[in-house]
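Residue-level structure breakdown
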Amino acid sequence: MQQILLPNLPKESGSLMDNTTFHKVKAMQKMLEDAEHSLLYLPHYSPDLNPIEKKWAQPKHIRRTLTCSIDLLFQFFLS
């Protein structure tokens, strides 16, 4: 956050975050606020608003179709 994100954000930017536990750490919130950035959170469960959920839907679908383990799925597709 301090070394990469904050130095590269335009002034008074907004950050949109999901509700992952590490996104709610008070120190991180304070760093953003001290740098005059706004912080907004997605609703608690909002897969339609979170693009990564759409990407994870693809391997989940393949896994259900093949009825295989996660390890086998990623070993097959990443090798």
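Residue indices follow the written sequence of each chain, beginning from 1 at its first position. In keeping with the model being predicted, local features are shown solely for residues with a pLDDT of at least 70 and side-chain atom pairs are shown and tallied solely at 80 or more, while totals for entire chains, interfaces and linings include all residues. With hydrogens and water excluded, all non-hydrogen atoms of the structure serve as input to the side-chain values.

1. Brief notes about the side chain of S13
- Labels follow the DSSP assignment, with helices taken as runs of H or I lasting at least four residues and strands as runs of E lasting at least two, numbered in each case from the N terminus. Its place among the elements puts S13 in the loop between α1 (5–8) and β1 (14–17).
- Here the term buried applies to any residue with accessible area under 20% of the maximum for its type, exposed to any over 50%, and partly exposed to those in between, with areas from a 1.4 Å probe on protein chains only. We classify S13 as buried; its relative accessible area is 13%.
- Distance and chemistry together define a polar contact, namely a pair of N or O atoms within 3.5 Å, with one atom able to donate a hydrogen and the other to accept it when in protein, and with adjacent residues in sequence counting only for side-chain atoms on both sides. Within the local environment of S13, its side chain forms a polar contact with the backbone oxygen of P10, the two atoms lying 2.5 Å apart.
- Two residues form a contact once any of their heavy atoms are found within 4.5 Å. Not counting residues within four places of it along the chain, the set of residues in contact with S13 comprises E36, H37 and S38.

2. Quick word on the packing of aromatic side chains
- Aromatic rings from Phe, Tyr and Trp, with only the six-membered ring used for Trp, were paired whenever their centres fell within 6.5 Å, and each pair was classed as stacked if the ring planes differed by under 30 degrees, edge-to-face if by over 60, and tilted otherwise. As enumerated under the stated definition, the model contains 1 aromatic pair in all.
- When the ring of W56 is compared with that of F74, the centres are 5.9 Å apart and the planes differ by 75°; the resulting orientation is edge-to-face. A residue pair is termed long-range when its members are at least 10 positions apart, and W56 in helix α3 (residues 51–66) and F74 in helix α4 (residues 70–78) qualify at 18 residues.
- Each ring is checked for a lysine NZ or an arginine CZ that lies within 6 Å of its centre and within 35 degrees of its normal; such an atom marks a charge sitting over the ring. Directly above the aromatic system of Y41 lies the positively charged group of K24, at a separation of 4.6 Å from the ring centroid.

3. A word on the domain arrangement of the protein chain
- Throughout, the edges of the domains are those of an automatic or database domain assignment. For the protein chain, the assigned domains read domain 1 (1–45) and domain 2 (46–78).
- Distance from the C-alpha centre of domain 1 to the C-alpha centre of domain 2: 28 Å.
- At the interface, 5 residues of domain 1 touch 4 residues of domain 2.
- Counting each side, the surface lost to burial between domain 1 and domain 2 is near 410 Å², with a carbon and sulfur contribution of 61%.
- Counting the surface domain 1 buries against domain 2, the share from its top three residues, L42, P43 and Y45, is 86%.
- Whenever Lys or Arg places a side-chain nitrogen within 4 Å of a carboxyl oxygen from Asp or Glu, that contact is recorded as a salt bridge. Put simply, domain 1 and domain 2 have 0 salt bridges between them.
- On the surface where domain 1 and domain 2 come into contact, there are 0 residue pairs in polar contact (both at pLDDT 80 or more). By buried area we mean how much accessible surface two parts lose on assembly, using a 1.4 Å probe and totalling the loss over both.

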